[in-house]
Amino acid sequence: MNDLTVGHVTESVTEQELRLFLRLFYKSPLSSKSDLLFIFPSPSHSSAFRSVIFQETESFFKLVNRTQFFKPPGSTSFDDGREFLNKEKEKGETIWGRGVRRDNLTESTRASYGSVVGFVVDELDPENSLSGFLDHVPMSMRRWACYPMLLGRVRRNFKHVVLVDVKEVLLLGDPLSRIRNRSPESVHLLSTEAGGAHNTNKQHGKRNAAKTQSRKPVNSAVVMGGARGVRRLSNTMLTEIVRVTTQHKKKNSVTESGLFNQLVGNEYILKNVNVVTSAESIPDLSSLTGLNSNSGSSLSLSNYTMLRRGNSNSDSTSIIMKHVCGLELNSPVYSDCL
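Quick caveat: nothing in here was measured; it's all calculated off a predicted structure.

The rules behind each value
- Residues numbered from 1 in each chain as written.
- Predicted model: local features only at pLDDT ≥ 70, side-chain atom pairs only at ≥ 80, totals over all residues.
- Heavy atoms only, no water.
- Helix = DSSP H or I, 4+ residues; strand = E, 2+ residues; numbered from the N terminus.
- Buried < 20%, exposed > 50% of the residue type's maximum accessible area, 1.4 Å probe, protein only.
- Contact = heavy atoms within 4.5 Å.
- Pairing = 2+ DSSP bridges.
- Axes fitted to C-alpha atoms, helices over the stretch in contact; angles between N-to-C directions.
- Parallel < 35°, antiparallel > 145°, perpendicular 65-115°, else oblique.
- Left-handed = near helix turned anticlockwise from the far one by under 90°.
- Nonpolar A, V, L, I, M, F, W, Y, C, P; charged D, E, K, R; others polar.
- Disulfide = S-S within 2.5 Å.

So, the overall build of the chain
Logical step 1: Helix and strand counts for the chain stand at eleven helices and eleven strands.
Logical step 2: Here the chain holds 338 residues, and 54% of them are scored as buried.
Logical step 3: Sequence-distant contacts, at least 24 apart, represent 78% of the contacts inside the chain between residues at least 6 apart.

Topic: the pairing of strand β7 (residues 186–191)
The side chains of a regular strand alternate, residue by residue, between the two faces of the sheet.
Logical step 1: Summarising burial for β7: six of the six residues are buried, a large majority.
Logical step 2: The sheet contact formed by β7 and strand β10 (residues 274–281) spans six bridges and is parallel. Residue pairing across strands places Ser186 opposite Asn274, the latter belonging to β10.

Considerations on the packing of helix α6 (residues 139–153) against helix α9 (residues 227–247)
Logical step 1: In contact at an axis separation of 9 Å, α6 and α9 are set at 140 degrees when each is read in the N-to-C sense. Considering the angle they form, α6 stands oblique to α9. Judged by the sense of rotation from one axis to the other, the crossing of α6 with α9 is left-handed. Judged by residue contacts, Met141, Trp144, Ala145, Tyr147, Pro148, Leu151 and Gly152 of α6 engage Val230, Arg231, Ser234, Asn235, Met237, Leu238 and Ile241 from α9.
Logical step 2: The residue inventory of the contact of α6 with α9, partitioned by class, reads ten nonpolar, three polar and one charged.

Points about unusual backbone geometry
Both trends apply: most residues other than glycine have a negative phi, and most peptide bonds are in trans.
Logical step 1: Backbone geometry places Asn128, a non-glycine residue, at a positive phi of 50 degrees.
Logical step 2: Here Asn128 lies in the loop between α5 (121–124) and α6.

Regarding the state of the cysteines
Logical step 1: Applying the stated criterion to the full structure yields one disulfide.
Logical step 2: Each disulfide pairs two cysteine sulfurs, and for Cys325 the partner residue is Cys337, the sulfurs being separated by 1.9 Å. In this structure, the disulfide formed by Cys325 and Cys337 twists by about -70 degrees around the S-S bond and is classed as left-handed. On the criterion of sequence distance, the pair formed by Cys325 in helix α11 (residues 313–325) and Cys337 in the segment after α11 is long-range, its members being twelve residues apart.
Logical step 3: A residue is classified by how much of its surface remains accessible, and Cys337, at 17% relative accessible area, is buried.

Scope: geometric values only; no functional claims are made or implied.
Below, the structure is given as structure tokens:
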């Protein structure tokens, strides 16, 4: 696989939210081009969600067996990240560890999909690097301390990377399609609101304070681009978290989104990254036509690459689940559709 999808699982993510994220990812074009990696906030979260990941993987394999229209999602079952950190890659195996052979899949089919792997933050950031700078280090912050080790280890294995907040965003299509022809140093960011100006660092020159304040804010829930650019941005973001929290007396007043936007607006610090910000924003699920339908049958997901769950998280999850279960092919496969 040339692409890597890294989903960080915040402390408040529920089993149902993870299930929906995974189910839609498996059915997206991205699943045949990208490995999927989860970062969990604790061993207890990893253990609790393991059964969800197994269930969704097995269900999708059943779906594959029912039709040749879909491609299977993963060449391995849910792997333990420590195997990747402590073991050299064996000949013919995925970089994450030993694959699981499935006799009901042909060799040609098995070669067309990615792996699913999970890490706990302590495996990627064993010293909890930010603990001395923040009274409480939320997952939204600590994830930036995990990326340097992770992306550094796989820098020769993947050309493109997307970082996504599992709580906030659902992947339905292939968001990396828009950046595959860009340079390895490019990073593509979306606006948090529609109507922003399309720009890059190089196009704007030096920004003064007024320009930075007037710039449309970007969404840190999705960061995508060339592997080199995403890695450099991640490393710089970690440095900025340390620098800013050291200067602030009220450490808890520093937000991840605010820091990220401050960094993106600083051309000098990101001079080795080609940051492209788009006027496009991620559609809010609650704003889609058909969301308030009792059956959800009028809701069409095929036209969307990504959706933001929005404030009505619980209702949105339920309605999309009904939509998925309403499809004749899916209903016999997923146990929660029966």
